[in-house]
Every structure is written in structure tokens, then in C-alpha cells.
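Structural description and commentary
Chain by chain, the residues:
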Amino acid sequence: MVSFGNDTEPVTAEITTSDVLRIAREVGMPVSTKEAQLFLRDGSRAHRMWKQMVEAGRQYIAETLEAERCDMWWSEISGNPSDETEEYDA
């Protein structure tokens, strides 16, 4: 069983101006700092980005739980209980 302690903090994610500048360079479309800031301040874009990040988080949780369930099932049928909880990169 996985233990997270008493209370856990919610996960927060932040996309910064520096992130936009780096990603824009990586995709071959460099932008100025001002353009990157405007990109992030676009309310509808920010909301769409937030929704996509939440969905990615939900997908990661579902895939991790499924993998852990498979590990528990395998441990039960193989007779080799696993005491270690593995981290899965979805």
C-alpha cells in the first residue's frame, strides 16, 4: 500500500515566460520576451493550457494506478509480494 503521510499538498504547475521563450526557440519560432508575456496573459489560452495540464495529470494518475494494480495482481499470483512502490513515468 502506498502511504502519503497525513496530508499532502496539491500539485501546482507553472509555465513561465522563460519556458515560452525556450519552447519557441526549440520549435524554430523564437519570440521576444514581450510576446512571450502576451502569450501567457491571453486569458482563453491560459484556461486551455490549464485544462490540458489537468487532463495530463489525471491521465498520469490513472496510468500509475493501473500499473500499480497490475503489480499487486502479479505479486498475488506469483507469490512474491512486492514491498517497494515503483514510480511510473506515463
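1. As for the overall build of the protein
When its secondary structure is counted, the protein shows three helices and zero strands. Reading the helices (α) and strands (β) of the protein from amino to carboxyl end gives α-α-α. Across the 90 residues of the protein, 11% fall into the buried class. Looking at the protein alone, contacts between residues at least 24 apart form 34% of all its contacts between residues at least 6 apart. Carbon and sulfur atoms provide 54% of the accessible area of the protein, an area that totals close to 8,000 Å².

2. A short note on the confidence of the model for the protein
Reading fine detail from the predicted coordinates is not recommended where pLDDT is low. Counting all residues, the mean pLDDT for the protein is 82, and 79% of those residues have values of 70 or more. Confidence scores differ between elements of the protein, with helix H3 (residues 43–78) showing the lowest mean pLDDT of 86 and helix H1 (residues 17–26) the highest of 96.

3. Examining the packing of H1 against helix H2 (residues 33–41)
In the contact formed by H1 and H2, the axes pass within 9 Å of each other and the chain directions differ by 110°. If you check the angle between H1 and H2, you find them roughly perpendicular. Every pair of crossing elements has a handedness; the one defined by H1 and H2 is right-handed. Contacts between H1 and H2 pair Thr17, Val20 and Leu21 from the former with Thr33, Ala36, Gln37, Phe39 and Leu40 from the latter. Here the residues of the contact of H1 with H2 sort into five nonpolar, three polar and no charged.

4. Examining the pattern of salt bridges
Scanning all chains against the criterion turns up four salt bridges. In this structure, Arg22 engages Asp19 in a salt bridge whose closest nitrogen and oxygen atoms are separated by 3.8 Å. With Arg22 and Asp19 both in helix H1, this residue pair falls three residues apart, about one helical turn. Across the pair Arg22 and Glu26 runs a salt bridge, and its minimum N-O distance is 3.0 Å. Within this pair, Arg22 and its partner Glu26 are both found in helix H1, separated by four residues, close to a single helical turn. According to the relative accessible area criterion, Arg22 is partly exposed, its value standing at 35%. Salt bridges linked by common partners bring Asp19, Arg22 and Glu26 together as one network.

5. Quick look at the environment of Thr16
By secondary structure assignment, the location of Thr16 is in the segment before H1. As a C-alpha pair, Thr16 and Gln37 span 21 residues in sequence and 8.5 Å in three-dimensional space.

6. Quick look at a nonpolar patch on the surface
A cluster of nonpolar side chains, Ile23, Val27 and Met29, forms an exposed patch at the surface whose accessible area comes to about 310 Å². Turning to its location among the elements, Val27 is positioned in the loop between H1 and H2.

7. Description of the environment of Thr12
Tracing the chain through its elements places Thr12 in the segment before H1. For the pair Thr12 and Val54, spaced 42 residues apart in the sequence, the C-alpha separation amounts to 10.0 Å.

The rules we used
- Residues numbered from 1 in each chain as written.
- Predicted model: local features only at pLDDT ≥ 70, side-chain atom pairs only at ≥ 80, totals over all residues.
- Heavy atoms only, no water.
- Helix = DSSP H or I, 4+ residues; strand = E, 2+ residues; numbered from the N terminus.
- Buried < 20%, exposed > 50% of the residue type's maximum accessible area, 1.4 Å probe, protein only.
- Contact = heavy atoms within 4.5 Å.
- Areas by Shrake-Rupley, 256 points an atom, 1.4 Å probe, with all protein chains shown as cover.
- pLDDT = per-residue confidence, 0-100.
- Axes fitted to C-alpha atoms, helices over the stretch in contact; angles between N-to-C directions.
- Parallel < 35°, antiparallel > 145°, perpendicular 65-115°, else oblique.
- Left-handed = near helix turned anticlockwise from the far one by under 90°.
- Nonpolar A, V, L, I, M, F, W, Y, C, P; charged D, E, K, R; others polar.
- Salt bridge = Lys/Arg side-chain N within 4 Å of Asp/Glu carboxyl O.
- Patch = residues over 30% accessible without salt bridge, like charges linked within 9 Å, V, L, I, M, F, W, Y side chains within 5 Å.

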